Amino acid sequence: MELIQNTPDISAYLVADQVIDHEHPRVRAIAAALSVDASDVYAYAKAAFEFVRDAIPHSQDSGDSRVTWRASDVLAQRTGICYAKAHALAALLRAEGIPTALCYRKFDVVHGLVAVRLPGEDRWVRQDPRGNKPGVDAQFRLDREQLAFAVRPESNEVDHPVLFAEPRPVVLQCLREAVDRPHLWQMLPTDL
């Protein structure tokens, strides 16, 4: 599948905003800690991915009822669903100058992940920091995608090829309005 930038300006995928708040001290501190042992930008990107995937449990898997949406809050509270974890990973990557897009897939509901474009690479590669569990083995790879779930077109599941510089409004709306995760589960978008 060919991934399509929503905006042609690559600098849009480096911007800090109220969701991907990579200028926040908490985001900067975690980025600095992760970069200490990273020998290059690839090693940093992999470390950031693994940190978000493994150190921040998916709230559905852990039973955490809190709803997070801002990257700094996801990192502070160490919980979030796929969208929130994608926001946190995007912030950590953008904090180190790595263009990062938000992208989506449609299963029964919309699933959020990121795409990265590392220096020297001529393409975007999607990464899914959702969190592994039995039957889910997402890995940071540049040679091919290894995402959390496979899309089944026969079940009307869809890979959206568009790469967004900021979260989709429907995603933010459900995260902001949910009083807890059970409430959020009733509000998850079924389309973009």
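Just so we're clear, the structure is a prediction, and the values are computed from it rather than from any experiment.

1. Observations regarding the nonpolar core
Thinking step 1. Core analysis: the largest hydrophobic core is formed by 50 residues, its most contacted members being Tyr44, Phe51, Leu75, Tyr83, Leu92, Leu93 and Leu175.
Thinking step 2. Of all the elements in the fold, those that place two or more residues in this core are helix H1 (25–36), helix H2 (41–55), helix H4 (71–77), helix H5 (82–95), strand E2 (100–106), strand E3 (110–116) and helix H6 (169–177).
Thinking step 3. Looking at this core, the element that brings in the most residues is H5, giving eleven residues.
Thinking step 4. With sequence-adjacent residues up to four places away left out, tyrosine 83 is seen in contact with Tyr104, Val110, His111, Gly112, Val171, Cys174, Leu175, Leu188 and Pro189.

2. Focus: the pattern of salt bridges
Thinking step 1. Here the structure, examined in full by the defined rule, presents ten salt bridges.
Thinking step 2. We note a salt bridge from aspartate 64 to arginine 66, for which the minimum N-O separation is 2.6 Å.
Thinking step 3. Using a relative accessible area of 16% as the deciding quantity, one classes aspartate 64 as buried.
Thinking step 4. Since its relative accessible area comes to 37%, arginine 66 is described here as partly exposed.
Thinking step 5. Between aspartate 159 and arginine 126 there is a salt bridge, with the nearest N and O atoms lying 2.7 Å from each other. Of the two residues, aspartate 159 is situated in strand E5 (residues 158–159) and arginine 126 in strand E4 (residues 125–127); the sequence distance between them amounts to 33 residues.

3. Some points on the packing of H1 against H5
When two helices pack together, their arrangement is given by the angle between the helix axes and the distance between those axes.
Thinking step 1. One can describe the packing of H1 onto H5 by two numbers: an axis separation of 9 Å at closest approach and a directional angle of 65°. Classified by the angle between their axes, H1 and H5 sit roughly perpendicular to one another. Considering how the two elements wind past one another, H1 and H5 form a crossing that is right-handed. Contacts from Val27, Arg28, Ile30, Ala31 and Leu34 in H1 reach Ala91, Leu92 and Ala95 in H5.
Thinking step 2. Among the residues forming the contact of H1 with H5, the class breakdown is seven nonpolar, no polar and one charged.

4. Some details on the packing of aromatic side chains
Thinking step 1. Under the defined criterion, the tally for this structure stands at five aromatic pairs.
Thinking step 2. An angle of 55° between the planes, with centres 6.1 Å apart, marks the rings of tyrosine 104 and phenylalanine 164 as tilted. Here the residue tyrosine 104 occupies a position in strand E2, and phenylalanine 164 occupies one in the loop between strand E6 (162–163) and H6, the gap between them amounting to 60 residues.
Thinking step 3. When its relative accessible area of 2% is taken as the criterion, tyrosine 104 is described as buried.
Thinking step 4. Relative to phenylalanine 149, the ring of phenylalanine 107 has its centre 5.8 Å away and its plane inclined at 75°; by these criteria the two rings are edge-to-face. Here phenylalanine 149 lies in the loop between E4 and E5 and phenylalanine 107 lies in the loop between E2 and E3, a separation of 42 residues in the sequence.
Thinking step 5. For phenylalanine 149, a relative accessible area of 31% translates into the label partly exposed.
Thinking step 6. Through a chain of ring-to-ring contacts, three or more aromatic side chains come together here, namely Tyr42, Phe49 and Phe140.
Thinking step 7. Between arginine 176 and the ring centre of tryptophan 69, over which it is positioned, the NZ or CZ distance is 4.4 Å.

5. Here's the deal with H2
Thinking step 1. End to end, H2 covers 20 Å across 15 residues, agreeing with the expected 21 Å (1.5 Å per residue, within 8%).
Thinking step 2. For H2, the full list of buried residues reads Tyr44, Ala45, Ala48, Phe49, Phe51, Val52 and Arg53.
Thinking step 3. Those residues of H2 hidden inside the fold are in contact with H1, H4, H5 and E4.
Thinking step 4. Between a side-chain oxygen at the N-terminus of H2 and the backbone nitrogen of tyrosine 42 the separation is 3.2 Å; the capping residue is aspartate 40.

Cut-off values and rules
Residues numbered from 1 in each chain as written. Predicted model: local features only at pLDDT ≥ 70, side-chain atom pairs only at ≥ 80, totals over all residues. Heavy atoms only, no water. Core = buried A, V, L, I, M, F, W, Y, C linked by side-chain atoms within 4.5 Å. Buried < 20%, exposed > 50% of the residue type's maximum accessible area, 1.4 Å probe, protein only. Helix = DSSP H or I, 4+ residues; strand = E, 2+ residues; numbered from the N terminus. Contact = heavy atoms within 4.5 Å. Salt bridge = Lys/Arg side-chain N within 4 Å of Asp/Glu carboxyl O. Axes fitted to C-alpha atoms, helices over the stretch in contact; angles between N-to-C directions. Parallel < 35°, antiparallel > 145°, perpendicular 65-115°, else oblique. Left-handed = near helix turned anticlockwise from the far one by under 90°. Nonpolar A, V, L, I, M, F, W, Y, C, P; charged D, E, K, R; others polar. Phe/Tyr/Trp six-rings, centres within 6.5 Å; stacked < 30°, edge-to-face > 60°. Lys NZ or Arg CZ within 6 Å of the ring centre and 35° of its normal. Expected span 1.5 Å × (residues − 1). Polar contact = N/O pair within 3.5 Å; in protein donor to acceptor, adjacent residues only side chain to side chain.

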